[in-house]
Amino acid sequence: MEMAEPGIASVPVNPKVGLVDAMEEEHVVHYSVQEELPRTYLHLGFRGIFDVVCQRTVVLVVLLLIQSLSQFILEMYEGLISRHVIIPMFLTMIIGAGGNAGNQSAVRCITGLTTREFRRSDFLLVLRKEVLCGLIISSLLTLVGFARVYYFYWGQFYSTIAISLSLFCVITISVLFGTTLPFLFQFVGINREHAAPCIQVLMDITGVFITCFLCSLVIPSSESSGGNSGK
């Protein structure tokens, strides 16, 4: 049996007491941190909601005016569209697929920058990985799009090729935009959250131009809209 050193009183140590003290200290620290946190969106009053509405409205008005520029592109290719009505039939499919793919890349980059998983110096590495994913996704969606268009319009083979090629290009470019804009916005000091709606607007304009341009190159004038299968 061990003997206590002379002059030193042995005090029994209760591990439960130390655990309780640590928990109380952690609770106090957690409570003080909670008090120092800024008011969140859920606690906004009328003035805060009004500020949010003003900020969003300004951004949406600017994007609305930019998006309306697609009018000039459609007017420029009005003759092509009137001769081949298959183009506007699948134009929303092409633009929608591009916007969705671009938003996926944008959300991934915004999340990475917000959580500090990505740094600005990681842009080229992230871009390389996203472009690789974009090329694979574009190829898969192009096959699906080709099958979808060809099944209903097998008599318009060149139109099907043009739409499928447009789908591939739009998705690939959209992924490129979706990866670049969040990094660019952070670099110039713009809120990264605005990258997602900007992607959709950019792809609306770019998608319309790419589709009309490629269709004007691929579809021969001899192929009319009356050659569909009528399924």
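Residues numbered from 1 in each chain as written. Predicted model: local features only at pLDDT ≥ 70, side-chain atom pairs only at ≥ 80, totals over all residues. Heavy atoms only, no water.

Looking up the protein chain in an unreviewed UniProt entry gives the name Mg++ transporter, with the organism given as Trypanosoma conorhini. In its Sequence similarities (unreviewed entry) section, the UniProt record describing the protein chain reads: "Belongs to the SLC41A transporter family." (UniProt positions renumbered as here; feature names shortened; annotations may be inferred.)

1. Some words on the pattern of salt bridges
Two side chains bearing opposite charge may form a pair once their charged atoms approach each other closely. If you walk through the whole model with that rule in mind, you get three salt bridges. The closest approach of N and O atoms between R108 and E117, which form a salt bridge, is 3.0 Å. When the shortest N-O distance is used, the salt bridge between D122 and R119 registers 3.7 Å. Classification of D122 as buried rests on a relative accessible area of 16%. (Salt bridge = Lys/Arg side-chain N within 4 Å of Asp/Glu carboxyl O. Buried < 20%, exposed > 50% of the residue type's maximum accessible area, 1.4 Å probe, protein only.)

2. Some thoughts on the UniProt feature "transmembrane region" (unreviewed entry) in the protein chain
As annotated in UniProt, the feature "transmembrane region" (unreviewed entry) corresponds to residues 57–74, 86–110, 131–151, 157–185 and 197–219 in the numbering used here. Between the end C-alpha atoms of residues 57–74 there is a gap of 27 Å, over a span that is 89% helix and 0% strand. Across residues 86–110, helical content stands at 100% and strand content at 0%; the span's end C-alpha atoms are separated by 36 Å. (Helix = DSSP H or I, 4+ residues; strand = E, 2+ residues; numbered from the N terminus.)

3. Side note on the environment of A97
Along the chain, the position of A97 falls in helix α5 (residues 86–114). Look at A97 and you get buried, because its relative accessible area is 18%. Along the sequence, A97 and L167 sit 70 residues apart, while their C-alpha atoms lie 7.7 Å from each other. Not counting chain neighbours up to four residues away, the residues in contact with A97 comprise L167 and I171. (Contact = heavy atoms within 4.5 Å.)

4. Looking at helix α6 (residues 123–152)
When the terminal C-alpha atoms of α6 are compared, their 42 Å separation across 30 residues agrees well with the 44 Å that a helix rising 1.5 Å per residue should span. Packing partners of the buried residues in α6 comprise α5 and α7 (157–188). (Expected span 1.5 Å × (residues − 1).)

5. Notes on a nonpolar patch on the surface
A contiguous nonpolar surface patch, about 440 Å² in accessible area, is contributed by V58, V62, I66, L69 and F72. At three residues, helix α2 (residues 46–67) tops the list of elements feeding residues into the nonpolar patch. (Patch = residues over 30% accessible without salt bridge, like charges linked within 9 Å, V, L, I, M, F, W, Y side chains within 5 Å. Areas by Shrake-Rupley, 256 points an atom, 1.4 Å probe, with all protein chains shown as cover.)

6. Describing the packing of aromatic side chains
Overall, the coordinates contain seven aromatic pairs when judged by the stated rule. Aromatic side chains F146 and Y150 sit 5.6 Å apart centroid to centroid with 5° between the ring planes, which places their arrangement in the stacked category. You can see F146 and its partner Y150 sitting in helix α6, four residues apart, about one turn around the helix. With a relative accessible area of 35%, Y150 lands in the partly exposed category. With centroids separated by 5.9 Å and ring planes inclined at 75°, the aromatic side chains of F157 and Y158 adopt a geometry described as edge-to-face. A relative accessible area of 44% places Y158 in the partly exposed class. Put simply, the rings of F118, F123 and F183 touch in pairs and so form one group of aromatic residues. (Phe/Tyr/Trp six-rings, centres within 6.5 Å; stacked < 30°, edge-to-face > 60°.)

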